[in-house]
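Now for the letters of each chain:
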Amino acid sequence: QVQLEESGGRLVQAGGSLRLSCAASGRTFSSYFMAWFRQAPGKEREFVAQISSDAITSYAGSVKGRFTISRDNAKNAVYLQMNSLKFEDTAVYYCVAKAPGRLQYDYWGQGTQVTVSS
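In this text the structure is predicted, and so the values were computed from the model without any measurement.

Trainee: Can you tell me about the packing of aromatic side chains, naming the residues and giving the values?
Mentor: Tallied over the full model, the rule gives five aromatic pairs. Centroid distance Tyr32 to Tyr107: 6.3 Å. Interplanar angle 55 degrees. Geometry classified as tilted. In this pair, Tyr32 sits in the loop between strand S3 (18-24) and strand S4 (33-39) while Tyr107 sits in strand S10 (residues 107-108), placing the two residues 75 residues apart along the sequence. Residue class for Tyr32 comes out buried when judged on its relative accessible area of 7%. On the basis of relative accessible area, Tyr107 is assigned to the buried category, the value being 18%. Consider the rings of Phe37 and Phe47, whose centres lie 5.7 Å apart with planes at 75 degrees: the pair is edge-to-face. Taken together, the residues span a long stretch of sequence, with Phe37 in strand S4 and Phe47 in strand S5 (residues 46-51) at a distance of 10 residues. The rings of Phe37, Phe47, Tyr94, Tyr105 and Trp108 are connected pair by pair, giving a single aromatic cluster. Positioned above the aromatic ring of Tyr79, the side-chain terminus of Arg19 is 3.9 Å from the ring centre. The ring of Tyr105 is capped by Lys98, whose NZ or CZ atom sits 4.9 Å from the centre of that ring.

Okay, here's the thing in structure tokens:
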């Protein structure tokens, strides 16, 4: 069982930067795939970025080159550095975890609100 808690969301101007953090519980954190998803008002939840247990990353096309996902296994933490923010990045951002061997993400945080003003 993994519990996730996001932090760092706030109001920021377009073009600015923001770093989201996710604190995870659990002794086997280092073996989990971790990801960030987001959901904008009136839209479906969408994938943003993921990082494997051996730090291989992948990104949605809309954020590639602007966002960076990273993890610190010693701190049971995952981060999302967001640069060159755009109005369309406004959403609730969720930290998500997937256990080894699982096809889907099983554990979700409560989300943190990111609002980008144009």
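More follows now that the structure is in view.
Trainee: Quick one: what's the story with the pairing of strand S8 (residues 77-82), residue by residue and with numbers?
Mentor: Burial analysis of S8 places five of its six residues in the buried class, which makes it a mostly covered element. Across six bridges, the pairing between S3 and S8 is antiparallel. Of the residues in S8, the one forming a bridge with Leu18 is Met82. Here strand S7 (residues 67-72) hands over to S8 after four residues, with Asn76 in that stretch at a positive phi of 50 degrees.

Trainee: I'd like a description of the side chain of Lys98, backed by residues and values.
Mentor: In this fold, Lys98 is placed in strand S9 (residues 91-98). For the buried Lys98, which has no salt bridge, the nearest side chain bearing the opposite charge is Asp106, at an N-O separation of 8.9 Å. For Lys98, the residues in contact, after removing those within four places along its chain, are Tyr32, Phe33, Leu103, Gln104 and Tyr105.

Trainee: Describe the sheet that holds strand S1 (residues 4-7), naming the residues involved and giving the relevant values.
Mentor: Strand pairing in a sheet relies on backbone hydrogen bonds, with the paired strands running either antiparallel or parallel. In spatial order, the strands read S1-S3-S8-S7; together these four strands make up an open sheet with antiparallel pairing. Across the chains shown, the open sheet's two edge strands, defined by having one partner strand only, are S1 and S7. Taken over all neighbouring pairs, the strand axes of this sheet differ in orientation by 15 degrees on average, direction set aside.

Trainee: A description of the nonpolar core should follow, citing residues and the corresponding values.
Mentor: Counting 31 residues, the largest nonpolar core has Leu4, Met34, Trp36, Leu80, Met82 and Tyr93 as its most contacted members. Of all the secondary structure elements, the ones that give two or more residues to this core are S3, S4, S5, S7, S8, S9 and strand S11 (112-117). Those residues in contact with Leu4 that sit more than four places away from it in its chain are Cys22, Ala23, Ala24, Met34, Cys95, Val96, Ala97, Tyr107, Trp108, Gly109 and Gln110. Counting five residues, the second-largest nonpolar core is a separate cluster that includes Ala35, Tyr94, Val96 and Tyr105.

Cut-offs and rules
Residues numbered from 1 in each chain as written. Predicted model: local features only at pLDDT ≥ 70, side-chain atom pairs only at ≥ 80, totals over all residues. Heavy atoms only, no water. Phe/Tyr/Trp six-rings, centres within 6.5 Å; stacked < 30°, edge-to-face > 60°. Helix = DSSP H or I, 4+ residues; strand = E, 2+ residues; numbered from the N terminus. Buried < 20%, exposed > 50% of the residue type's maximum accessible area, 1.4 Å probe, protein only. Lys NZ or Arg CZ within 6 Å of the ring centre and 35° of its normal. Pairing = 2+ DSSP bridges. Lys, Arg positive; Asp, Glu negative; His and termini not counted. Salt bridge = Lys/Arg side-chain N within 4 Å of Asp/Glu carboxyl O. Contact = heavy atoms within 4.5 Å. Axes fitted to C-alpha atoms, helices over the stretch in contact; angles between N-to-C directions. Core = buried A, V, L, I, M, F, W, Y, C linked by side-chain atoms within 4.5 Å.

Purely geometric stuff here, so don't read any function into it on its own.
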